[in-house]
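# Notes for the structure review
Letter by letter, the chains look like this.
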Protein chains: 4
Amino acid sequence: MSTATPTTAPHGYSLPLSPSGQSSMITPPPWHFSGEVVMVDYRVDPEAAARFLPPGLTPGADPGAAAAVFARWQWCSLDGAELTDPRRSQFTEFLVLLGCEHDGVALARCPYAWVDSAVPMVRGWVQGMPKQLGEIHQTWPMGVGSAGPRPSAPGRYDGTLSVHGRRVAAAAVSVRERAAEPPFLHTVPLVHTRVFPRWIPEEPPTEQLVSSVVTDVEFGEVWTGDAELTFAADVGDDLASLAPVEVGAGHVFAYAETLHSGKALGGAA
Amino acid sequence: MSTATPTTAPHGYSLPLSPSGQSSMITPPPWHFSGEVVMVDYRVDPEAAARFLPPGLTPGADPGAAAAVFARWQWCSLDGAELTDPRRSQFTEFLVLLGCEHDGVALARCPYAWVDSAVPMVRGWVQGMPKQLGEIHQTWPMGVGSAGPRPSAPGRYDGTLSVHGRRVAAAAVSVRERAAEPPFLHTVPLVHTRVFPRWIPEEPPTEQLVSSVVTDVEFGEVWTGDAELTFAADVGDDLASLAPVEVGAGHVFAYAETLHSGKALGGAA
Amino acid sequence: MSTATPTTAPHGYSLPLSPSGQSSMITPPPWHFSGEVVMVDYRVDPEAAARFLPPGLTPGADPGAAAAVFARWQWCSLDGAELTDPRRSQFTEFLVLLGCEHDGVALARCPYAWVDSAVPMVRGWVQGMPKQLGEIHQTWPMGVGSAGPRPSAPGRYDGTLSVHGRRVAAAAVSVRERAAEPPFLHTVPLVHTRVFPRWIPEEPPTEQLVSSVVTDVEFGEVWTGDAELTFAADVGDDLASLAPVEVGAGHVFAYAETLHSGKALGGAA
Amino acid sequence: MSTATPTTAPHGYSLPLSPSGQSSMITPPPWHFSGEVVMVDYRVDPEAAARFLPPGLTPGADPGAAAAVFARWQWCSLDGAELTDPRRSQFTEFLVLLGCEHDGVALARCPYAWVDSAVPMVRGWVQGMPKQLGEIHQTWPMGVGSAGPRPSAPGRYDGTLSVHGRRVAAAAVSVRERAAEPPFLHTVPLVHTRVFPRWIPEEPPTEQLVSSVVTDVEFGEVWTGDAELTFAADVGDDLASLAPVEVGAGHVFAYAETLHSGKALGGAA
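Definitions and limits used
- As a convention, each chain's residues are numbered from 1 in the sequence order in which they are written.
- Labels are handed out in written order, letters beginning with A for the chains and numbers beginning with 1 for the ligands.
- With pLDDT at 70 or above as the cut-off, local features in this predicted model cover only qualifying residues; side-chain atom pairs require 80 or more to be listed or tallied, and sums for whole chains, interfaces and linings still use all residues.
- Side-chain descriptors were evaluated using all non-hydrogen atoms of the structure, hydrogens and water having been removed beforehand.
- Put simply, DSSP H or I for four residues or longer makes a helix, DSSP E for two residues or longer makes a strand, and each gets a number counted from the N terminus.
- C-alpha atoms define the radius of gyration, and 2.2 Å times the number of residues to the power 0.38 defines the globule rule.
- We call a residue buried when its accessible area falls under 20% of the maximum for its residue type, exposed when it is over 50%, and partly exposed in between, using a 1.4 Å probe and counting protein chains only.
- It only takes one pair of heavy atoms within 4.5 Å for two residues to be counted as in contact.
- All accessible areas in this document rest on Shrake-Rupley with a 1.4 Å probe, and a residue is counted as covered only by the protein chains that are shown.
- Only four residue types enter the tally: Lys and Arg on the positive side, Asp and Glu on the negative side, with His and both chain ends excluded.
- The atom standing in for a charge is NZ when the residue is Lys, CZ when it is Arg, CG when it is Asp and CD when it is Glu.
- Copy-to-copy alignment: least squares on C-alpha atoms, limited to residues at pLDDT 70 or above in both.
- Note: buried area is the sum, over both parts, of the accessible area (probe 1.4 Å) each one loses when the two are combined.
- Salt bridges, as used here, are contacts in which a Lys or Arg side-chain nitrogen is within 4 Å of a carboxyl oxygen on Asp or Glu.
- Whenever two N or O atoms come within 3.5 Å, that pair is a polar contact, provided that in protein one can donate a hydrogen and the other can accept it, and provided that, for residues adjacent in sequence, both atoms are side-chain atoms.
- Three residue categories are used. Nonpolar comprises Ala, Val, Leu, Ile, Met, Phe, Trp, Tyr, Cys and Pro, charged comprises Asp, Glu, Lys and Arg, and polar comprises the others, including Gly.
- pLDDT measures the predictor's confidence residue by residue and takes values from 0 up to 100.
- Whether two strands pair comes down to DSSP finding at least two bridges between them.
- Aromatic contacts are taken between Phe, Tyr and Trp rings whose centres are within 6.5 Å, Trp giving its six-membered ring; a plane angle under 30 degrees counts as stacked, one over 60 as edge-to-face, and the others as tilted.
- An axis is simply a line fitted to the C-alpha atoms; with a helix, the fit covers only the stretch in contact. Between two such axes, the angle follows the N-to-C directions and lies from 0 to 180 degrees.
- What sets the label is the angle itself: under 35 degrees gives roughly parallel, over 145 gives roughly antiparallel, 65 to 115 gives roughly perpendicular, and the rest give oblique.
- Less than a right angle of anticlockwise turn of the near helix away from the far helix marks a crossing as left-handed, whereas a clockwise turn marks it as right-handed.

## Thoughts on the overall build of chain A
Along its length, chain A carries three helices and twelve strands. The C-alpha atoms of chain A give a radius of gyration of 20 Å, which matches the 18 Å a tight globule of 269 residues would have. The principal-axis extents of the C-alpha atoms in chain A amount to approximately 75 × 45 × 35 Å. Across the 269 residues in chain A, those meeting the buried criterion constitute 61%. Restricting the contact set of chain A to residue pairs at least 6 apart, pairs at least 24 apart contribute 66%. When the accessible surface of chain A is summed, it comes to about 9700 Å², and 53% of that surface belongs to carbon and sulfur atoms. Looking at charge distribution, chain A has the averaged site of its 17 positive side-chain charges lying 4 Å from that of its 29 negative ones.

Shown next, in the form of structure tokens:
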């Protein structure tokens, strides 16, 4: 009879909400990530870096330490369903990382990030990771032939980022040898500010300082060598203040993690 | 002198936060929109529609009333700056709308939406509008020649939506004459559920029922006629339950509005 | 019986060849085009322009006359079939034009062209038009609201071109008044060099000078005013030699033509 | 002095022609390719396959033998310059291959091909390879983590092709063991029909049967196992006639070659 009303409201981990919850653009965590990383250690003006740290974070032991990270990822939810559709389980990413500390614990702050796909972009915003849409490319190691470096061997890797049809950053890493350790800024937790912007005028926006909780971190062989890194001259706004004042070593490695949740940090805005 | 610490935390209307606030992906409202709309009135199974309404909304006077809306937009912030970069000020959109009511006031619920650009997508999430990324195309009226209909005249307009490399919806509208009124579902406010998904396990997600506050609504000539509308057979999940059971009239018109803020509605989840 | 061999070889106007001929990527001419054009008259170094003219063409009465043309097009074949799929019937384009002459007849040479879609790109190569793939955007006139100029009225139109993730060219046109005539370089036939590159070492490449045969040319109102035009500093190679040394008037107009075939010109390479 | 005319006509391997020849969209051969291939052996209706063979080619020893090939490539010209810009040196590809013979020599005919980038598309047309633009994705092997198979190990690889916003083909390959030999259809030369479509009405189009000349062929480990392969039901036109009537083994392997030129075959159209 028609008096029956739906007993379940539309729901889902994220928008879109729907009767079954299956329309959610974002699947609930945890999410597994397997990737290949091309990373360049570099230094920024320490005062410029400090201006990107919110209350609760301090510059840490090595002010001005920064990194540019190109990565290509394959990801899946707990049941691995996304892996059968590589169009949806792959994305590329570019990050800037700044060394920092919270209560004496070393962390990495990500002031800027770009990905080439909408699901990881929105998933970043759930975490407070400021992902925007860009075009990111990095050299693939190749098992045969002369069009690319061999995996786990010396060779050259390039990375590029374009945003809104403009070149924003480019890197070149010439790895020569295996390193004993992964690069420091890729070994510490990320710390983000979750922001839910103001929409109802009388309600303040949400801002919340959180660190990311990951497990099953795995590094492949880390190869290291010389690097170049440039930001475009006309990159505009505050990103330009994080351009390299000195470029350090470059690294290439496989990396995996499982991302579970956020942990609220005291001292948030 | 070096003892100076930043007096201003990184800030912005949205992520990314930065020292000047200028890195924010989303500019603060209000936003001006000017667009061209190809719209098809259709009917869905009223029980299916009801399952998409959250507590606080009821099906309204005409249960099962729905619309499919293709639009191409130009937008700008208060200062109009975006208009000088058409790459950034243009986007295309496809919406499904369902008629509903809140406290006896007629509204439109948008269970699904797609746009072709990241900024309007994220801006949708700020409002609770469940925008995802898709590829949307609609016929352009043309002032001369035979490759397209004339503006403000009888003619045929097609619209298509593809998502993740699959065709999801297609419409064809053959307008014959001017209508006295714009189509009803495009004249009532939108009502959304703002969702900020759970990330810190012990904190519940935010869900908030809001209607959109717009001013400066303007319609151009409304042309109307017969329409076709199809959803792909394999569209999957809950969207399929909103496929047409009957297709009504089609409409083509110019439309503009200024979008300011959200208004919280009682009875939210 | 199995001795039957196909009586018809795979065929088609272009690749891919197939039994029915229907797989051809390019439909046979004629093709109808309806478009909106944002055009900037400018001047290049006459010697630089002359270096782009093949034997048989001379600089003409006004050496150094050039134009940058942004256009958005809808096109269809003779039967109009493509119009029901706007995804396939729409494209955007950016051209550079140089004034020239053949046997005393004024023509326009197009040394560089970009479109955002593969079919018009390959169709360009059939004609000898050197179309590459790029991202082209131009302001849309809008019938209502404040996010864009009104059609057939004073207003500002911007155009941008990006190629391989880099900004290559940008224009701004502020139209003030109707012009009596369309801009000259858009009224003369295009002259191209058809090239079929060398692939079999002992066979020379094909090069053939041809002008385009069009009918049903139609101009809408031509609006005209001041213009800006810039090429990116790092655009590289020979395109940089065609950067503006002086920028003239800008024009906005609707344009249509039907393109039929090429006409071989004497004096080809 | 001003009577000097340019001593060099604009030139280049392909369009665009320019004074230095550096604007050519396509670099002259040879081109080096390094790739990863996901391939499915399958069978088509032998009569359907025969209808795709031009005069000069016969079905060969195993009529109906076919393959679907997903590949991701890195390529460079002789000097390797493209490798420093991975955006330009990478592309993805999907091919259909049909077994055939010419003068008793086994060859592979490629009736359909798609790539995701314009340079390899046009380069295909130089060779007679009927490449169109599509979106191709295939699983990446990953060195660590759970989001993907390990290189050189059992695992599952998926491939998908979308064209004009519609899913056209999908494959799944579950490799179990190393194979002694690469799959046959990937070991024989390709045979294409170079086509330069008619443009000047009184001149016939060029059609020329050519086989590809490659050197430095290199295979990595070939892994093999079960496979699935489906073509979309509404794929339209003649491609549908090449849908699988039986699906055989699947293969995953690295592959490299250097492509030099074409060799004209007798019996061409």
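## Focus: the relation of the copies chain D and chain B
At an RMSD of 0.0 Å, chain D and chain B line up after a rotation of 180 degrees and a shift of 0.0 Å along the axis. Both copies of the chain, as the preceding transformation shows, are related through a two-fold rotation axis. The share of interface residues of chain D whose copies in chain B are also at the interface is 100%, consistent with both copies meeting through the same surface.

## Thoughts on helix α3 (residues 118-127) of chain A
Because an α-helix packs 3.6 residues into every turn, residues spaced three or four apart end up facing the same way. Residue and element names in this part refer to chain A. Most of α3 is tucked away, with ten of its ten residues classed as buried. A118, V119, P120, M121, V122, R123, G124, W125, V126 and Q127 are the residues of α3 that are buried. Among the residues trailing α3, G128 stands out with phi positive, at a value near 95 degrees.

## As for the side chain of S117 of chain B
Residue and element names in this part refer to chain B. One can find S117 in the loop between β4 (105-115) and α3 (118-127). Residue S117 is classed as buried on the basis of its relative accessible area of 19%. Discounting chain neighbours no more than four positions away, the residues touching S117 are F91 and L133.

## Quick word on the environment of L133 of chain C
Mapped onto the secondary structure, L133 of chain C falls in strand β5 (residues 131-133). Here L133 of chain C falls in the partly exposed class, since its relative accessible area comes to 24%. For the pair L133 of chain C and P120 of chain C, spaced 13 residues apart in sequence, the C-alpha separation works out to 9.6 Å. When neighbours within four sequence positions are excluded, L133 of chain C is seen to be in contact with W114, V115, D116, S117, A118, M121 and V163 of chain C together with A118 and L133 of chain D.

## Some details on the interface of chain D and chain B
Facing five residues of chain D, the contacting portion of chain B comprises five residues. Between chain D and chain B, roughly 480 Å² of surface is buried when both sides are summed, and carbon and sulfur atoms account for 29% of that area. Among the residues chain D hides against chain B, the three largest losses belong to G165, R166 and R167 of chain D. Together they make up 77% of the total. The interface formed by chain D and chain B holds zero salt bridges in total.

## A word on the interface of chain A and chain B
A common way to state how big an interface is: give the accessible area lost once the parts meet. Of the residues lining the interface, 65 residues belong to chain A; the matching set on chain B comes to 65 residues. Where chain A abuts chain B, roughly 5600 Å² becomes buried across the two surfaces, and 69% of that area is made up of carbon and sulfur atoms. In terms of surface lost to chain B, no three residues of chain A exceed L15, F196 and W199 of chain A, which account for 17% of the buried area on that side. Between the two partners, chain A and chain B, sit zero salt bridges. Here chain A and chain B share 18 residue pairs in polar contact (both at pLDDT 80 or more) between them. Sorting the residues of the side of chain A that touches chain B by element identifies α1 (46-50), α2 (86-89), β4 (105-115), α3, β5 (131-133), β9 (190-196), β10 (206-219) and β12 (246-264) of chain A as the ones contributing at least two each. Among the residues making up the side of chain A that touches chain B, the classes are represented as 36 nonpolar, 17 polar and twelve charged.

## Some points on unusual backbone geometry
Following P29 of chain C, the chain continues to P30 of chain C via a peptide bond in cis, the omega torsion being 5 degrees. Along the polypeptide, P30 of chain C turns up in the segment before β1 (31-43). With omega at -15 degrees, the peptide bond leading from L15 of chain D into P16 of chain D counts as cis. Within the secondary structure, P16 of chain D sits in the segment before β1 (31-43).

## Some points on the confidence of the model for chain A
Model confidence for chain A is summarised by a mean pLDDT of 95, while 96% of its residues fall at 70 or above. Scoring the predicted complex yields pTM 0.96 and, for the interface, ipTM 0.95.

## Points about the relation of the copies chain A and chain B
With an RMSD of 0.0 Å, chain A superimposes on chain B once it is rotated by 180 degrees and translated 0.0 Å along the axis. When the interface residues of chain A are mapped onto chain B, 98% of them again fall at the interface, so both copies present the same face.

## A closer look at the pattern of salt bridges
All told, the structure shown has 34 salt bridges over all chains when counted by the stated rule. One salt bridge connects R150 of chain A with E218 of chain D, and the closest N-O pair in it is separated by 4.0 Å. Here R150 of chain A is found in the loop between β6 (135-138) and β7 (155-163), whereas its partner E218 of chain D is found in strand β10 (residues 206-219) on a different chain. Close ionic contact of K131 of chain B with E93 of chain B constitutes a salt bridge, the shortest N to O distance being 3.0 Å.

## Quick look at the pairing of strand β6 (residues 135-138) of chain D
All names here are of chain D. The alternating pattern of β6 places I136 and Q138 on a buried face and E135 and H137 on a face that is not buried. Bridge count between β6 and strand β7 (residues 155-163): four bridges; the pairing is antiparallel. The partner of H137 across the bridge, within β7, is T160.

## Some points on the packing of aromatic side chains
If you walk through the whole model with that rule in mind, you get 46 aromatic pairs over all chains. A ring pair is formed by W31 of chain C and W199 of chain D, whose centres lie 5.5 Å apart and whose planes are at 10 degrees; its orientation type is stacked. Of this pair, W31 of chain C sits in strand β1 while W199 of chain D sits in the loop between β9 (190-196) and β10, placing the two residues on different chains. For the pair W31 of chain C and W199 of chain D, one class covers both residues: buried. Their ring planes at 50 degrees and their centres at 5.4 Å tell us that F219 of chain D and F253 of chain D sit as a pair that is tilted. Here the residue F219 of chain D occupies a position in strand β10, and F253 of chain D occupies one in strand β12 (residues 246-264), the gap between them amounting to 34 residues. Exposure remark for F219 of chain D: the relative accessible area of 26% places this residue in the partly exposed category. Since its relative accessible area comes to 2%, F253 of chain D is described here as buried. Aromatic ring contacts, followed pair by pair, group F33, W73, F91, F219, F253 and Y255 of chain A into a single cluster.

## Some thoughts on the pairing of strand β12 (residues 246-264) of chain C
It is a general feature of regular strands that their side chains alternate between the two faces of the sheet. Residues and elements named next belong to chain C. As defined by bridge partners, β1 adjoins β12 across twelve bridges and the pair is classed as antiparallel. Each residue of the ladder has a partner; that of R43, found in β12, is E246. In terms of strand pairing, strand β10 (residues 206-219) meets β12 through eight bridges, oriented antiparallel. Among the inter-strand pairings, V214 is bridged to a residue of β12, identified as L259.

## As for the packing of helix α3 (residues 118-127) of chain C against helix α3 (residues 118-127) of chain D
For any two helices packed against each other, one specifies the crossing angle of their axes together with the interaxial distance. Between α3 of chain C and α3 of chain D, the least distance of the axes is 12 Å, while the angle of their chain directions is 40 degrees. It follows from the interaxial angle that α3 of chain C and α3 of chain D lie oblique. As for the relative orientation of α3 of chain C and α3 of chain D, their crossing is right-handed in sense. Of α3 of chain D, the residues touching α3 of chain C (which contributes A118, M121, V122 and W125 of chain C) are A118, M121, V122 and W125 of chain D.

## Description of the side chain of H192 of chain D
With respect to the helices, strands and loops of the structure, H192 of chain D is situated in strand β9. Non-local contacts of H192 of chain D, meaning those with residues more than four positions away in its chain, are made with R109, C110, Q127, G128, M129, Q208, L209, V210 and S212 of chain D.

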